[in-house]
Amino acid sequence: MELFDNLLLGLSIAVTPVNLLYAFVGCVVGTLIGVLPGIGPVATIAMLLPITYGLEPVTALIMLAGIYYGASYGGSTTAILVNLPGEMSSVITVLDGHQMARQGRAGAALCVAALGSFLAGTVATMVIAAFAPPLAELALKFDAAEYFSLMVLGLVSAIALAHGSVLKAVLMTILGLLLGMVGTDVNSGMARFTFDRPELIDGIGFVAMTMGLFAFAEIAVNLERTAGPGVIADRISSLWITWKEFKQSFPAALRGTAVGTMLGILPGGGATLSAFASYTLEKKLAKDPSRFGRGAIEGVAGPESANNAGAQISFVPMLTLGIPSNAVMALMVGALIIHDIQPGPQIMTKTPELFWGLIASMWVGNAILVILNLPLIGLWVKLLSVPYRILYPLILLCCSIGAFSANNNMFDVWVAIGFGFLGYIFLKLGCEPAPLLLGYILGPMLEENLRRALVLSRGDYTVFFTRPISATMLLMALGLLILMIMPTIRAKRETVFQES
Amino acid sequence: MQLIRNPRDFYAGLLFVAFGIAALVIAQSYPVGTASRMGPGYFPRILGILLVALGALQSLIGMRGRAGFPLQWHWRPLFILLASVALFILLTSWLGLIVAALVLVFIASAASAEFRWREALIAGAVQGVAAATLFVYALGLPLPVWPPFFGG
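Residues numbered from 1 in each chain as written. Chains lettered and ligands numbered in written order. Predicted model: local features only at pLDDT ≥ 70, side-chain atom pairs only at ≥ 80, totals over all residues.

*Asks:* Got a minute to help me understand the overall build of chain A in this structure?
*Replies:* For chain A, the count of helices and strands is 22 helices and 2 strands. Relative to the compact-globule value of 23 Å for 500 residues, chain A shows a C-alpha radius of gyration of 22 Å, a close match. Overall, the C-alpha framework of chain A stretches about 70 × 55 × 50 Å when taken along its three principal axes. Taking all 500 residues of chain A together, 61% fall into the buried category. Considering only contacts in chain A between residues 6 or more positions apart, those separated by 24 or more positions represent 80%. (Helix = DSSP H or I, 4+ residues; strand = E, 2+ residues; numbered from the N terminus. Rg over C-alpha atoms; globule rule 2.2 N^0.38 Å. Buried ≥ 20, exposed ≤ 12 C-beta atoms within 10 Å, placed from the backbone. Contact = placed C-beta atoms within 7 Å.)

What follows is the structure in structure tokens.
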């Protein structure tokens, strides 16, 4: 079977000592920042990106991916024990997970969250292995017009699923596309928007921009809130769950996995949306919905499985089409480009060891996380007693050095300061920074494909509508936009995000 | 009646209009070309026009739409943070990483309402030494650790 051959190839790469070590490091760092509120995977991955320059590309990706799914494990620990989501994806776990902890069942909640995530991770690995190759094959038939339309669809769906105002997300995306134009134009060799600075010839420093928008600005906003998290959970009694709890949570975990697998593939989807959808589903299916919000174990098992499945499946569009579906995947594309690997369908054929090694490492990483989380939970909880006033200067220092190390240049640190200032204003005005980052990554690709498609059609814009695949994707994008503007849907979308 | 009902929306719109105009002004000198032979100015110009148009729409919504919360700026923590990083940049080449890191941590700590100067000083010193060990000695970043006049 080709599927198993591929997975075996991947496993043989994932379990080499070096890759195992970096998967472990990634999982530990991910859990750490997941447990700590106030620093997310985006800033962390950007911070550690320069450190991966010296590594093999597959090793670098394995570590960065470990941070991503490790953070969603760690985030649920904080959600359950402290009534505070460590990450966005565990917002929903707070509802029932913390109630369980209050009733003295913290151990059971943590156990279900970890095992549910592991189950989801295992299934998601299989699904990726089965469905990524045909998707990549389809993508190989794509021409410039199809790629352009696919990117438009990707950006539009990322906007649809972003939090807050649709129009602001659109504007942030366009601004991101424009920022992506900075630097030398590949076709004419002309320097655009560089203000005659040699440092900007290769474009705005990607790491520096992310640091400013996601770390500096976040810290400034966090410092405005005076009251920090102070509640620390009681001792955790037993990590085992009863037979009855198992019977309640196992089907919920399976359903959550299915939901996450389906929603994770959507651009802009991934972990958070999957968790919300799964919680809604469990509540609808329950015989007694009033138990939810009062410590229903299904309300932990479902969303926790869903967010992990969603997080992992969101690698599919990035690896097969080269299109990032969220900010973390945008960083992964950045990492690939830094390592001179062009993201897209050819990854699987040109560098199969990278593709399958990464996929297999996700399963290995999930196993590491279960081992790491259940026995060591007490250690992670202790971390929460480190006050924010000690933590944020450390984050700031690491980010400043990280921004420097991207190009060994202090100019990038000034760029980070600039984007920190801008990012604060954006956050205050209710503009999410994630769409900007997506636009920035896709900007050059979007322009290049638009240009190529129009060269082939001799300037005829109808080419995007006469080619069937391209037309379908554009119509889907248009339909999504119309749906979002319709008042009833808009009201519903707002209530969904209000709950967070 | 209030002129601006939702300041968040209104000023966000203005900000994007400003970005759009800036892009259009800078891109003025870039050749546009035609659709079949796009110049470097073609795509940026589309984006700039979109930003101006949609940004203006956003501002209009801010004036006419639903009322929103008033905006509250807290510039002090932000400026302290950014100033500490700026000082870090300037001091690193002059006094070395350890001193610069100490200054960054100490000043950044002052942005918090719970600032304790002794604690911040100790944290800064520890983090300065740790940063030098990790980033310069272990990872080989080309940064001076000590002030140059120490012969370091």
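Moving on from the coordinates now.
*Asks:* Would you mind showing me how to read the overall build of chain B here?
*Replies:* Looking only at helices and strands, one finds 5 helices and 0 strands in chain B. Reading chain B from its N end, one meets helices and strands in the order α-α-α-α-α. Against the globule reference of 15 Å for 152 residues, chain B gives a C-alpha radius of gyration of 24 Å, more extended than a compact globule. Sorting the 152 residues of chain B into buried and exposed places 39% on the buried side. Sequence-distant contacts in chain B: of pairs separated by 6 or more residues, those separated by 24 or more amount to 62%.

*Asks:* Explanation requested: the confidence of the model for chain A in the structure shown.
*Replies:* Caution applies to low-pLDDT regions: their predicted coordinates should not be interpreted in detail. All names here are of chain A. Averaged over all residues, the pLDDT of chain A equals 85, while 93% of them reach at least 70. Averaged pLDDT values for the elements of chain A fall to 57 in helix α22 (residues 487–498) and rise to 95 in helix α18 (residues 411–428). Low pLDDT, under 50, characterises residues 228–233; the stretch is placed with 15 contacts to residues that sit more than four places away or in other chains. (pLDDT = per-residue confidence, 0-100.)

*Asks:* Please explain α18 of chain A as it appears in this structure.
*Replies:* One turn of the α-helix equals 3.6 residues, which is why residues spaced by three or four share an orientation. Taking 1.5 Å as the rise per residue, α18 of chain A with 18 residues should run 26 Å; its terminal C-alpha atoms sit 26 Å apart, in good agreement. Those residues of α18 of chain A that are buried are in contact with α9 (206–224) and α17 (388–407) of chain A together with α3 (75–95) of chain B. Following α18 of chain A by one or two positions, glycine 430 of chain A adopts a phi angle in the positive range, close to 75°. (Expected span 1.5 Å × (residues − 1).)

*Asks:* Would you mind showing me how to read helix α14 (residues 327–338) of chain A here?
*Replies:* Residue and element names in this part refer to chain A. The end-to-end C-alpha distance of α14, which contains 12 residues, comes to 17 Å, matching closely the 16 Å that a straight helix rising 1.5 Å per residue would cover. Counted residue by residue, α14 has 10 buried out of 12 residues, so it is predominantly covered. Where α14 is concerned, the buried positions are Ala327, Val328, Met329, Ala330, Leu331, Met332, Val333, Gly334, Ala335 and Leu336. Where α14 is buried, its residues contact α3 (41–48), α4 (57–82), α9, α13 (315–321) and α19 (434–456). Just downstream of α14 lies aspartate 340, where phi reads positive at about 65°.

*Asks:* In this structure, what is going on with the packing of α4 of chain A against helix α6 (residues 106–140) of chain A? I would like to understand it.
*Replies:* Packed helices, taken two at a time, are described by the angle between their axes plus the distance between the axes. Residues and elements named next belong to chain A. The interhelical angle for the contact between α4 and α6, taken along N-to-C directions, is 160°, at an axis separation of 10 Å. It follows that α4 is roughly antiparallel to α6 by the angle criterion. For the crossing formed where α4 meets α6, the hand is right-handed. For the pair α4 and α6, contact is made by Tyr73, Ser76, Thr77, Ile80 and Leu81 and by Ala106, Ala109, Leu110, Ala113, Ala114 and Ser117, respectively. Grouping the constituent residues of the contact of α4 with α6 by class yields 8 nonpolar, 3 polar and no charged. (Axes fitted to C-alpha atoms, helices over the stretch in contact; angles between N-to-C directions. Parallel < 35°, antiparallel > 145°, perpendicular 65-115°, else oblique. Left-handed = near helix turned anticlockwise from the far one by under 90°. Nonpolar A, V, L, I, M, F, W, Y, C, P; charged D, E, K, R; others polar.)

*Asks:* Please explain the interface of chain A and chain B as it appears in this structure.
*Replies:* It is common to give the size of an interface as the accessible area that goes away when the parts come together. Each side of the interface is counted separately: chain A has 50 residues, and chain B has 51 residues. Of all the elements in the fold, those that place two or more residues in the side of chain A that touches chain B are α8 (166–180), α9, α17, α18 and α19 of chain A. Residue contributions to the side of chain A that touches chain B peak at 9 residues, all from α17 of chain A. Here the side of chain A that touches chain B is composed, by residue class, of 33 nonpolar, 8 polar and 9 charged.

*Asks:* Got a minute to help me understand the nonpolar core in this structure?
*Replies:* The tendency in soluble globular proteins is for nonpolar side chains to be buried side by side. Counting residues in each nonpolar core, the largest one holds 225 residues, and the members touching the most others are Met211 and Cys399 of chain A. Residues within four places of methionine 211 of chain A in sequence aside, it is in contact with Ala43, Ala46, Phe216, Cys399, Gly402, Ala403 and Ala416 of chain A. (Core = buried A, V, L, I, M, F, W, Y, C linked by C-beta atoms within 7 Å.)

*Asks:* Help me understand unusual backbone geometry in this model?
*Replies:* Excluding glycine, residues mostly carry a negative phi; peptide bonds, for their part, are mostly trans. Residue and element names in this part refer to chain A. With phi around 50°, phenylalanine 193 is a residue other than glycine that occupies positive phi space. By secondary structure assignment, the location of phenylalanine 193 is in the loop between β2 (191–192) and α9. Located in the positive-phi region is aspartate 340, a residue other than glycine, with phi close to 65°. Among the secondary structure elements, aspartate 340 is positioned in the loop between α14 and α15 (346–350). A count of 7 C-beta atoms within 10 Å places aspartate 340 in the exposed class.

*Asks:* Teacher, can you tell me more about the confidence of the model for chain B here?
*Replies:* Across chain B, the average pLDDT comes to 90, with 97% of residues at 70 or higher. At the level of chain-chain contacts, confidence expressed as ipTM amounts to 0.94, with global pTM at 0.85.

*Asks:* Is there a simple way to think about the environment of methionine 262 of chain A in this case?
*Replies:* All names here are of chain A. Turning to its location among the elements, methionine 262 is positioned in helix α10 (residues 243–264). Owing to 17 C-beta atoms within 10 Å, methionine 262 belongs among the partly exposed residues under this scheme. Taking the C-alpha atoms as reference points, methionine 262 and proline 303, separated by 41 residues in sequence, lie 14 Å from one another.

*Asks:* I'm lost on the packing of α17 of chain A against helix α4 (residues 97–109) of chain B in this one. Help?
*Replies:* Taken N-terminus to C-terminus, the directions of α17 of chain A and α4 of chain B make an angle of 135°; their axes are 9 Å apart at the nearest point. In terms of orientation, α17 of chain A lies oblique with respect to α4 of chain B. With respect to the hand of their crossing, α17 of chain A and α4 of chain B are arranged in right-handed fashion. Where α17 of chain A abuts α4 of chain B, its residues Arg389, Pro393, Leu396, Leu397 and Ser400 of chain A lie against Ala101, Leu104, Val105, Ala108 and Ser109 of chain B.

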